[in-house]
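Inside the fold
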Amino acid sequence: MTEPADDELSSRTGSPDGEGLVSEDRSLLHQRLAVRELVDTEVSYLHVLQLCASDIRGRLQQLPQEELDVLFSNIDDIIKVNSRLLRDLQDAASRGEEQVRLVGDLFLEFQEELEQVYKVYCASYEQALLLVENYQKDPELQQGIQRTIEAVLPQAGPSGLSFLLVNPLQRVTKYPLLLQKILENTLPDASAYPVLQRAASALQDVVTHINEYKRRKEVASRYTKVEQLSLRERLARINTHTLSKKTTRLSQLLKQEAGLVPKLEDKEFDDLEEKFHCVSLCVTELKSNVAAHLDALEVLLRFRPHESHLDIPGGPVAQYGDLARDLQLQAFPQFKQRLEGLVWQPLCSLAKALAGPQNLIRKRLDKLLDFERAEEKLLEVGSVTYEEEAARHTYQALNSLLVAELPQFNQLAMQWLRQILCTLVTLQGDLAKNVLQRAESSLAQLPHHHLSEPAFRDLVADTLDQAGHQLRSFQENFEKVLPPPTTRPLLPGAERQVQALLSRYGPGKLYQVTSNISGSGTLDLTLPRGHVVALLQNKDTKGNSSRWLVDTGGHRGYVPAGKLELYRVAPSEEDLRGQAKPHENSRQLAPEPTLAPVPSVPAVTQVVAVCPFAARSSHEVSLQAGQQVTVLEAQDKKGNPEWSLVEVNGQRGYVPSSFLARVPGPAPWGWSLPS
């Protein structure tokens, strides 16, 4: 039995006009079949995608979530776009003669959306294939994945996961072919023809752009990886080729800096790079500050004042202990946990996300130098090598990718950073509210809870002043019972060396080693405890004041300043006798005291007078040879060490310091309470 349409066609074949009508009807039939093929294959394709997203992805529990995200990428976004496209295609297919024009308009409308979603999927396809290859190396895992796919989608066959992953790529490349098929069966003079022509061209451009984007991503993926290489591994990578490339780049850079060749300017990229570095600097500073904040919290949590026993029963001390214990065990640990989870970890993730673009920007500079060199050669010679041509394409791919994606990345990074800062401020506010809430009941029981804020501040200031006064009083009492300093004994046989240093440098330059010194550098000295040295310079050549240059009488070198103390020289009897005569006829008087009379203080040093001294004014005191003398101050009020304030037989006054010598033998060490 023949169809009515066939009978009508056969009845028209008897005349030339009939043959034209038959040809037109045949084209219209093929056109409708092509539209039907487009809609039917879209239904089948969308069904497979939905099975992947809902059933297969949910059943692959043996795979980590991170790998599932790579495998299925943005399949949910593709499903959303293609679902709307299918709905509109089905609606257009039911419009009769207008369906072809409506189909063309639809693809022109969906051009940008299709390019965006399929661009992302195709860029991650290579990583998905690497995962598939890894699964194939594990037979047990591969069999489990295959069973899961065959249970949901038997037509996948042995290809399994590879069949599913390649579906979106095949579909987006098939759209131009399907539109071209519809276009071939559309008469050139039809109103839908130019629309279909533009739609087919637009979808071909989509495929071209996706392929170009995929190529850029592959180029960028080679440079976004930040490798942590040791010095040996870096040296192992050096060869004549790398040396030649780096030399060429350095030469190009030097010529640009010298103005011999022009430098390629890219204002758009420079602005993007500046903004990116600003974001990167903000993230680095914030990360450093948050790390310091976490360290301070760690120190605070180790400090437990509430565990100290202060022998003060009840009252505010007990209330403070309860509050401190509550904060130490509840409020502060909770704040630290939230700070780490909501601020520190996202901040570390953001800093990690910045590493890839940073590396790409650095690589772009290298490739820019290669590109400029190749462009110069192209202008001079008219041709470049295959490697230079590849370098040109690599730079163009990197630059295009950065210019296209860096604005979006900067915007997302700023939003991410803004959210982290808002979270940090919120956490600080929550901590303050939490502490005040916990302290409210304890504060109400304190004796000063009824005071106003100004009155409370005055109370705190008075309390601190009183505590400071008590501390100073305790310090003064503590200093009163400190034992007097003792003279450190000289090393055996060191008297001659000390005398040589004394005659050369004077007493003010002599220092004694307080503990053994072991030199570690070429100019450092190794000295035993008790050794006497002369100070040459109180810093090293780099200005470091913790290393002093000294003379041992035979060698010069550096020693730690913290292991030296001023050496007090006891004059010999010959020196004292020689000094006694000039003082007898000396017209120099002791300095006039400029301050009030010296209050009573305990003895600092017990010495003896080595020769007699006759007082010449009321500010001086007379001495007899061998008389016990108590030194109150080893200098006068102006800081002159040539005169000492002493006490002899209850009288106080100044005497020449050179007339005094220490008591033989060290004073006993111990505590003595003031009378």
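Everything discussed here concerns the structure shown above.
Below you will find a few notes about this structure. Just so it is clear, the model here is predicted, and its values are computed rather than measured.

Our focus in this paragraph is the sheet that holds strand β6 (residues 605-609). Strand order in this open sheet of five strands is β9-β8-β7-β6-β10, and the pairing throughout is antiparallel. Two strands close off the open sheet at either side, each with one partner strand: β9 (651-656) and β10 (660-662). Direction aside, the axes of adjacent strands within the sheet are offset by 45° on average. Alignment of strand β7 (residues 628-633) against strand β8 (residues 643-648), held across three bridges, turns out to be antiparallel. Looking at the pairing, Glu633 lines up with Leu645 of β8.

In this section: helix α8 (residues 139-152). Over its 14 residues, α8 extends 20 Å from the first C-alpha to the last, a length consistent with the 20 Å expected when each residue adds 1.5 Å. Considered for burial, the residues of α8 that qualify are Gly144, Ile145, Gln146, Thr148, Ile149 and Val152.

What follows concerns the pairing of strand β3 (residues 547-551). In summary, the side chains of a regular strand alternate between the two faces of the sheet. Among the five residues of β3, four are classified as buried, and the element is accordingly described as predominantly covered. Pairing analysis gives three bridges linking strand β2 (residues 532-537) to β3, with the strands arranged antiparallel. Residue pairing across strands places Ala534 opposite Asp551, the latter belonging to β3. Of the pairings in the sheet, the one linking β3 to strand β4 (residues 556-560) comprises five bridges and is antiparallel in character. For Arg547, the partnering residue across the bridge sits in β4 and is Pro560. As consecutive antiparallel partners, β3 and β4 are separated by four residues, and within that stretch Gly553 has a phi angle of approximately 100°, a positive value.

This part covers the nonpolar core. Counting 65 residues, the largest nonpolar core has Leu71, Val103, Phe107 and Tyr118 as its most contacted members. In terms of residue count, helix α2 (residues 16-59) provides more of this core than any other element does, 12 residues in total. In this view, Val103 contacts Val35, Leu38, Leu89, Ala92, Leu179 and Ile182; residues no more than four positions away in its chain are not counted.

Next up on the list: the packing of aromatic side chains. Tallied over the entire structure, the rule returns five aromatic pairs. Between the NZ or CZ atom of Arg364 and the centre of the ring of Phe269, over which it lies, the distance is 3.6 Å. Lying across the ring of Tyr558, Arg547 places its NZ or CZ 4.5 Å from the centre.

Our next topic: the environment of Asp205. Take Asp205: it is sitting in helix α10 (residues 193-224). A sequence separation of 94 residues divides Asp205 from Gln111, and the C-alpha atoms of the two residues are 9.2 Å apart.

On to the packing of helix α7 (residues 125-136) against helix α9 (residues 161-184). Where α7 contacts α9, the axes come no closer than 11 Å and their chain directions differ by 170°. Classified by the interaxial angle, the pair formed by α7 and α9 is roughly antiparallel. Here Tyr125, Ala128, Val132 and Tyr135 of α7 come into contact with α9, specifically with Leu161, Ser162, Leu165, Val166 and Leu169. When its residues are assigned to classes, the contact of α7 with α9 shows eight nonpolar, one polar and no charged.

On the surface, a cluster of nonpolar side chains totalling about 390 Å² of accessible area is made up of Leu451, Phe456, Leu459, Val460 and Leu464. Along the chain, Leu459 turns up in helix α16 (residues 453-480).

Moving on, we come to the pattern of salt bridges. Opposite charge on two side chains allows them to pair when their charged atoms are near. Taken as a whole, this structure holds 24 salt bridges when the rule is applied. Asp91 is the salt-bridge partner of Arg95, the closest N and O atoms lying 3.3 Å from each other. For Glu453, the salt bridge is made with Arg457, and the minimal N-O distance between the two is 2.9 Å. A residue pair is termed a helical-turn pair when its members lie 3 or 4 positions apart in one helix, as Glu453 and Arg457 do in helix α16 at four residues. The same class applies to Glu453 as to Arg457, namely exposed.

Cut-off values and rules
- Residues numbered from 1 in each chain as written.
- Predicted model: local features only at pLDDT ≥ 70, side-chain atom pairs only at ≥ 80, totals over all residues.
- Heavy atoms only, no water.
- Pairing = 2+ DSSP bridges.
- Helix = DSSP H or I, 4+ residues; strand = E, 2+ residues; numbered from the N terminus.
- Axes fitted to C-alpha atoms, helices over the stretch in contact; angles between N-to-C directions.
- Expected span 1.5 Å × (residues − 1).
- Buried < 20%, exposed > 50% of the residue type's maximum accessible area, 1.4 Å probe, protein only.
- Core = buried A, V, L, I, M, F, W, Y, C linked by side-chain atoms within 4.5 Å.
- Contact = heavy atoms within 4.5 Å.
- Phe/Tyr/Trp six-rings, centres within 6.5 Å; stacked < 30°, edge-to-face > 60°.
- Lys NZ or Arg CZ within 6 Å of the ring centre and 35° of its normal.
- Parallel < 35°, antiparallel > 145°, perpendicular 65-115°, else oblique.
- Nonpolar A, V, L, I, M, F, W, Y, C, P; charged D, E, K, R; others polar.
- Patch = residues over 30% accessible without salt bridge, like charges linked within 9 Å, V, L, I, M, F, W, Y side chains within 5 Å.
- Areas by Shrake-Rupley, 256 points an atom, 1.4 Å probe, with all protein chains shown as cover.
- Salt bridge = Lys/Arg side-chain N within 4 Å of Asp/Glu carboxyl O.

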